[in-house]
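These are the residues of each chain, in order.
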Amino acid sequence: TVTNSIFGKDGAGYGNSGTNGGSIYNAGTATLTGNRYDTNTAVYGGGLFNSGTAPIANDTYVHNFSNSGGGLYNAAGAATLSATDFISNQASYQGGGGLYNDYGTVTVTGGRFTFNRSENNSAQANMGLGGGVHNHSGTASFTDVTFNWNRAQLGGAIFNTQTNTVASLIVNGGLINGNYVSNFFGSGRAGGAGIYNDQGLVNLANTSLITNTADFYGAEPYGSGGAGFFNNGGTATLTNAAIVSNT
């Protein structure tokens, strides 16, 4: 159990031993409450790497950096988050500026994802995927969560994709606004500034996607657009959703 603690300028993988969890690596059960993870780095999970069970409440992840999961990387684990904020975190390779869920289960209630980004900072083929969240072949549920001003190339707020296992994304309530996608270097696709669903399963209810923006450099490539919501070969069910003023 870790309560009301600050983790700052820790590192794993960038000049330090290990690659996972800039501040904490959990492979058991960790109850985390009221902690702050600030300016930490890792290859996976700049602030926290979880492959176990992690009940998390009132934590803050800010200015953390990694290849995948700038704030938190959930590797086939079970993470339950309440009133937890992800602010100005960055992922540079596989995405998930705030949070990357890989074959795991993530349940998030309340809190916000703000100013997170997934950018490769080069013209390489691996695009920024999921400025706020990247859900890969896992189950991710968000209730009354705010996503604003996150940026990526695909999925400014959320990128949902699958390989061998179904990627299930559930969003109920909350607000997705002001997120941004762009093919920053003039190559590749750019779409789904709010949500980009790549062959996965999405259930969206009672949620507003407002003033999200998809931008392009050069000619708009095939598979781009959908500033609010882009469904690429997946299954999406929208109930009482408002998709308004996206460009």
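Before reading further, recall that the structure is shown in the block above.
These lines cover the structure that appears in this document, whether it is placed above or below. Everything numeric here is computed off the predicted structure, so don't read it as measured data.

Across its full length, the chain carries zero helices and 34 strands. Over its C-alpha atoms the chain spans a radius of gyration of 16 Å, differing by no more than 12% from the 18 Å that the globule rule assigns to 247 residues. For the chain, the residues scored as buried account for 54% of the 247 residues in total. Taking contacts inside the chain between residues at least 6 apart in sequence as the whole, the part at least 24 apart equals 78%. If you sum the accessible surface of the chain, you get close to 9200 Å²; carbon and sulfur atoms cover 49% of it.

As enumerated under the stated definition, the model contains four salt bridges in all. In this structure, Arg 112 and Asp 85 form a salt bridge, with 3.5 Å as the shortest nitrogen-oxygen distance. Highlighted residues: Arg 112 in strand S18 (residues 112-114) and Asp 85 in strand S14 (residues 85-87), separated in sequence by 27 residues. Here Arg 117 makes a salt bridge to Glu 119, at a shortest N to O gap of 3.1 Å. Each member of the salt-bridge network shares a partner with another, and the members are Arg 117, Glu 119 and Arg 151.

The next subject is the sheet that holds strand S13 (residues 78-82). Read from one edge to the other, the open sheet built from nine strands follows the order S1-S5-S9-S13-S17-S21-S25-S29-S33, with strand pairing classed as parallel. Looking at the sheet topology across the chains shown, the edges are occupied by strand S1 (2-3) and strand S33 (235-239). Sheet analysis places strand S5 (residues 32-33) next to strand S9 (residues 53-57), joined by two bridges and oriented parallel. Bridge pairing links Leu 32 to Ile 56 in S9.

Bringing the nonpolar core into the picture now. With 32 residues, the main nonpolar core has Leu 81, Phe 142 and Phe 147 as its most contacted residues. Of all the secondary structure elements, the ones that give two or more residues to this core are S9, S13, strand S17 (105-109), strand S21 (139-143), strand S25 (168-172) and strand S29 (201-205). Every residue in contact with Phe 147, bar those within four places of it in the chain, is listed here: Phe 113, Val 133, Phe 142, Ala 157, Ile 158, Leu 175, Ile 176, Asn 177 and Asn 179. Within the second largest apolar cluster, six residues are counted, among which are Leu 154, Phe 159, Tyr 196 and Phe 230.

This brings us to the packing of aromatic side chains. By the definition in use, this model includes 14 aromatic pairs. Centroid distance Tyr 44 to Tyr 73: 5.2 Å. Interplanar angle 70 degrees. Geometry classified as edge-to-face. With Tyr 44 in strand S7 (residues 41-44) and Tyr 73 in strand S12 (residues 72-75), the pair connects residues that are 29 residues apart, well separated along the chain. Among the residues examined, Tyr 44 registers a relative accessible area of 28% and is labelled partly exposed. By relative accessible area, which is 6% here, Tyr 73 ends up buried. Ring geometry for Phe 86 against Phe 113: centres 4.6 Å apart, planes inclined by 5 degrees, an arrangement best described as stacked. Of the two residues, Phe 86 is situated in strand S14 and Phe 113 in strand S18; the sequence distance between them amounts to 27 residues. Side by side, Phe 86 and Phe 113 carry an identical accessibility label, which is buried.

Taken together, nine strands build an open sheet; the order of strands is S2-S6-S10-S14-S18-S22-S26-S30-S34 and the sheet is parallel. Of all the strands in the sheet, just strand S2 (6-8) and strand S34 (242-244) have a single pairing partner and so form its edges. The sheet shows a mean angle of 5 degrees between the axes of neighbouring strands, direction not considered. Judged from the three bridges that link them, S18 and strand S22 (residues 146-148) form a sheet pairing that is parallel. Bridge pairing links Thr 114 to Asn 148 in S22.

Relative to the helices and strands, Asn 50 is located in strand S8 (residues 48-50). Classification of Asn 50 as buried rests on a relative accessible area of 1%. Side-chain polar atoms of Asn 50 contact the side chain of Asn 26, separated by 2.7 Å.

Here Met 127 is to be found in the loop between strand S19 (117-118) and strand S20 (133-136). Sequence separation of Met 127 and Gly 70 is 57 residues, and the distance between their C-alpha atoms is 15 Å. The residues contacting Met 127, other than those within four sequence positions of it, are Tyr 93, Gln 153, Leu 154 and Arg 189.

Each value, and the rule that gives it
Numbering of residues starts from 1 in every chain and runs along the sequence as written. Note on the predicted model: pLDDT of at least 70 is required for a residue's local features to be given, and 80 or more for side-chain atom pairs to be given and counted; whole-chain, interface and lining totals, by contrast, use all residues. For side-chain calculations, the full set of non-hydrogen atoms in the structure is used, while hydrogens and water are omitted. Counting from the N terminus, the helices are DSSP H or I runs at least four residues long and the strands are E runs at least two residues long. Throughout, the radius of gyration refers to the C-alpha atoms, and the reference size of a globule is 2.2 Å times the residue count to the power 0.38. Accessible area is worked out with a 1.4 Å probe on protein chains only. A residue is then buried under 20% of its type maximum, exposed over 50%, and partly exposed in between. Only heavy atoms matter for contacts: two residues are in contact if any of them lie within 4.5 Å across the pair. Computed with the Shrake-Rupley method and a 1.4 Å probe, the accessible areas treat only the protein chains shown as cover for residues. One speaks of a salt bridge when a side-chain nitrogen belonging to Lys or Arg is within 4 Å of a carboxyl oxygen belonging to Asp or Glu. A pair of strands is treated as paired once DSSP finds two or more bridges between them. To define a nonpolar core, start from buried Ala, Val, Leu, Ile, Met, Phe, Trp, Tyr and Cys residues and group those joined through side-chain atoms within 4.5 Å. In this analysis, rings of Phe, Tyr and Trp, with Trp reduced to its six-membered ring, are considered paired at centre separations within 6.5 Å, and the interplanar angle assigns stacked below 30 degrees, edge-to-face beyond 60, and tilted for intermediate values. Helix axes are fitted to C-alpha atoms over the stretch in contact, other axes to C-alpha atoms as well, and angles between N-to-C directions run from 0 to 180 degrees. In protein, a polar contact means a hydrogen-donor-capable atom and an acceptor-capable atom, both N or O and within 3.5 Å, with residues adjacent in sequence counting only if both atoms are side-chain atoms; elsewhere, any N or O pair within 3.5 Å suffices.

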